[in-house]
Amino acid sequence: MDNLNRNDTENHTTAENLMENQPEQEQQTEYPAGNALSPEKQSSNPVQLEKNMEQSRVTAELPVDEVAFLAGGTDKLREVLSILDERDRYKADMNSLIAEGKKVDGEIKQLRSKLESDINTAVKNGMIEAVAPEDKVLAEENAKLKEVRQQREKAKNKGIRDRIEYETKDLSEENREYKRSVKRGLKENGLPAFCDSNAFFIMYCSQTAVEWVIRLAVFFAAFFVFPAVVLLIADPWWLWKLIWWVVIDVIMLAIYMTIYLISKDRDAGILDEVREIRDKITENEKKIRKISSDIKKDPDESSYNLGEYDDEIKNIEAAVEEASLKKSGKLKEFEEFTKQTIIDRLNSEYMPEISEKQRILEEKTDVYDRLNQKFIELNQTIEDKYERYLTKQFSNRQKLQRMIELIETGQAVNIGQARELINR
């Protein structure tokens, strides 16, 4: 009982200390944090009395400034709301400055980009204009040069053809006579004209190893590959496949033998003569190709009468070189003087606006820095003066308004009790 009496005495003492900051009228009707019953009801409720005594012991252990804060009422909470509103205003102003700064910075970048683009365009156009006369001369002279060179090449090719024709005239005439002789011999012996062909001599008069290889390959393709492909596509019944294979081979053999009977079988020795003549023709053709190749590779062009073209080409090349030198000189002058003049002129047009926007951006940056410093200081004040007692959980508008509502409706008498009610 002695301990209970001491606890009860401490409870009333603490309550008196918490009530010192309340108006006189409130002290007569309100009670310590966590005590929602009057003293008469407390004395008649031992369980509630024990809870209140426990809360009083905890409160007695808090620092004096925290006790004073928790004993405060709606004025203190509205003070917290006010400073939170002030911090939010700083935050809103800072966000607005950030948006405005981004806009101004974007405008500066656009102006600089347009300035760079205009400088490049103006420099390019200025350079074109500076060397326009020389470019015109170069275009005309180069077109002439191309045309004269083409004419010279045509004249040279004609000279080469004429020279080849002249130096191979005897061989070409001899070959023509050989061909007439072959044609006449075949006709006199009643043989068809196709007997004077490479294909005929390969298939019916093979002599060299190459001709025999080609002949055997043709036989293989005609009697095996061709029937196999046809029957693979048609895909008949297997017995019909065998029958059709035999039929196709018979047809191929019949064609071959028909040609043989109307040509080789009637030969009375003329085909051997034809082969000899064909070999002579082939030999002459080799000689003609050799002469043609040597003439084409011959670097001496004096026999083609190209001097007129060469003189004209030299005159045009001299004009081109002169125009090129003038163009180079004007380009150098443009790079050293005119180009910088163009750049300075455009800079003088754009830089005042860019500088003004840069100044505005710097001003907004300075204002932002000042607001940010105040925002940081205000945040620190909130942490030191209020959050250390309320904690971050209760340092927001929703919880503060809820505590004000609890106090104004009489459900709590001070901040500490309102906080406890919300925590339940």
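Residues numbered from 1 in each chain as written. Predicted model: local features only at pLDDT ≥ 70, side-chain atom pairs only at ≥ 80, totals over all residues. Heavy atoms only, no water.

Notes on the overall build of the chain
Right, on to step 1. Looking only at helices and strands, the chain has 15 helices and zero strands in total.
Right, on to step 2. Across the 424 residues in the chain, those meeting the buried criterion constitute 31%.
Right, on to step 3. Within the chain, contacts between residues separated by at least 24 positions form 76% of all contacts whose residues are at least 6 apart in sequence.
Right, on to step 4. In the structure as shown, the chain presents an accessible area of about 28000 Å², 54% of it carried by carbon and sulfur atoms. (Helix = DSSP H or I, 4+ residues; strand = E, 2+ residues; numbered from the N terminus. Buried < 20%, exposed > 50% of the residue type's maximum accessible area, 1.4 Å probe, protein only. Contact = heavy atoms within 4.5 Å. Areas by Shrake-Rupley, 256 points an atom, 1.4 Å probe, with all protein chains shown as cover.)

Comments concerning the environment of E333
Right, on to step 1. Structurally, the position occupied by E333 is in helix 13 (residues 307-390).
Right, on to step 2. Here the alpha-carbon distance between E333 and A130, two residues 203 residues apart in the chain, equals 9.4 Å.

Brief notes about the state of the cysteines
Right, on to step 1. The tally for this structure, following the rule as stated, stands at zero disulfides.
Right, on to step 2. For C205, which is in no disulfide, the shortest distance to another cysteine sulfur is to C195 and amounts to 7.9 Å. (Disulfide = S-S within 2.5 Å.)

Remarks on helix 8 (residues 169-188)
Right, on to step 1. Compared with the 28 Å implied by 1.5 Å per residue over 20 residues, the 29 Å span of helix 8 between its first and last C-alpha is a close match.
Right, on to step 2. Turning to helix 8, its buried residues number three or more, namely L171, N175, Y178, V182, G185 and L186. When helix 8 is viewed along its axis, its buried side chains cluster within an angular range of 95° and face the same direction. Away from the buried face of helix 8 by more than 90 degrees, exposed residues K169, D170, K183, K187 and E188 are located. (Expected span 1.5 Å × (residues − 1). Arc of directions from axis to C-beta.)

Details of the packing of aromatic side chains
The geometry of an aromatic ring pair comes down to the distance between the two centres and the angle between the two planes.
Right, on to step 1. Per the counting criterion, the structure on display carries nine aromatic pairs.
Right, on to step 2. Measuring from centroid to centroid gives 5.4 Å for F220 and F224, while their planes differ by 25°, and the two rings are stacked. Remark: F224 and F220 occur in helix 10 (residues 209-234); sequence separation between them is four residues, near one turn of the helix.
Right, on to step 3. In this structure F224 comes out as partly exposed when scored by relative accessible area, which is 45%.
Right, on to step 4. Through a chain of ring-to-ring contacts, the aromatic side chains of F194, F200, F201, Y204, F219, F223, Y256 and Y260 assemble into a single cluster.
Right, on to step 5. The residue whose ring lies beneath K91 is F375, and the NZ or CZ to ring-centre distance is 5.5 Å. (Phe/Tyr/Trp six-rings, centres within 6.5 Å; stacked < 30°, edge-to-face > 60°. Lys NZ or Arg CZ within 6 Å of the ring centre and 35° of its normal.)

Looking at the layout of surface pockets
Right, on to step 1. Of the pockets and cavities examined, the second largest pocket occupies roughly 270 Å³.
Right, on to step 2. Among the elements of the structure, helix 8, helix 9 (198-204) and helix 12 (270-297) are those that each provide at least two residues to the lining of the second largest pocket.
Right, on to step 3. Per-element tally for the lining of the second largest pocket: the top contributor is helix 12, with six residues.
Right, on to step 4. Among the residues making up the lining of the second largest pocket, the classes are represented as four nonpolar, two polar and seven charged. (1 Å grid on protein atoms, 1.4 Å probe; cavity = no way out; pocket = protein on both sides within 12 Å on 5 of 7 lines; lining within 4 Å. Points joined across faces, edges and corners; volume = space filled by probe spheres on them. Nonpolar A, V, L, I, M, F, W, Y, C, P; charged D, E, K, R; others polar.)

Details of the confidence of the model for the chain
Any segment with low pLDDT has predicted coordinates that should not be analysed in fine detail.
Right, on to step 1. Here the chain averages 81 in pLDDT, and 84% of its residues register 70 or above.
Right, on to step 2. Considering each helix and strand of the chain separately, the mean pLDDT is smallest for helix 2 (residues 24-29), with a value of 33, and largest for helix 7 (residues 132-167), with 93.
Right, on to step 3. Overall, residues 1-62 carries pLDDT values under 50, and its contacts beyond four positions in sequence, including any with other chains, amount to 58 contacts. (pLDDT = per-residue confidence, 0-100.)

Considerations on the nonpolar core
Right, on to step 1. Formed by 26 residues in total, the largest nonpolar core has its most connected members in F69, L77, V80, L390, L400, M403 and I415.
Right, on to step 2. If you list the elements that add at least two residues to this core, you get helix 5 (64-70), helix 6 (74-130), helix 13, helix 14 (397-408) and helix 15 (415-423).
Right, on to step 3. Ranked by residue count, the leading element in this core is helix 6, at eight residues.
Right, on to step 4. Once you skip the residues sitting within four places of it in the chain, L390 turns out to touch F69, V80, S395, L400, M403, I415 and R419. (Core = buried A, V, L, I, M, F, W, Y, C linked by side-chain atoms within 4.5 Å.)

Observations regarding unusual backbone geometry
Right, on to step 1. A positive phi angle, close to 50°, is found at D235, a residue other than glycine.
Right, on to step 2. Along the chain, the position of D235 falls in the loop between helix 10 and helix 11 (238-262).
Right, on to step 3. Residue D235 is classed as exposed on the basis of its relative accessible area of 54%.
Right, on to step 4. Positive phi outside glycine occurs at N305, with the angle close to 60°.
Right, on to step 5. By the element assignment, N305 lies in the loop between helix 12 and helix 13.

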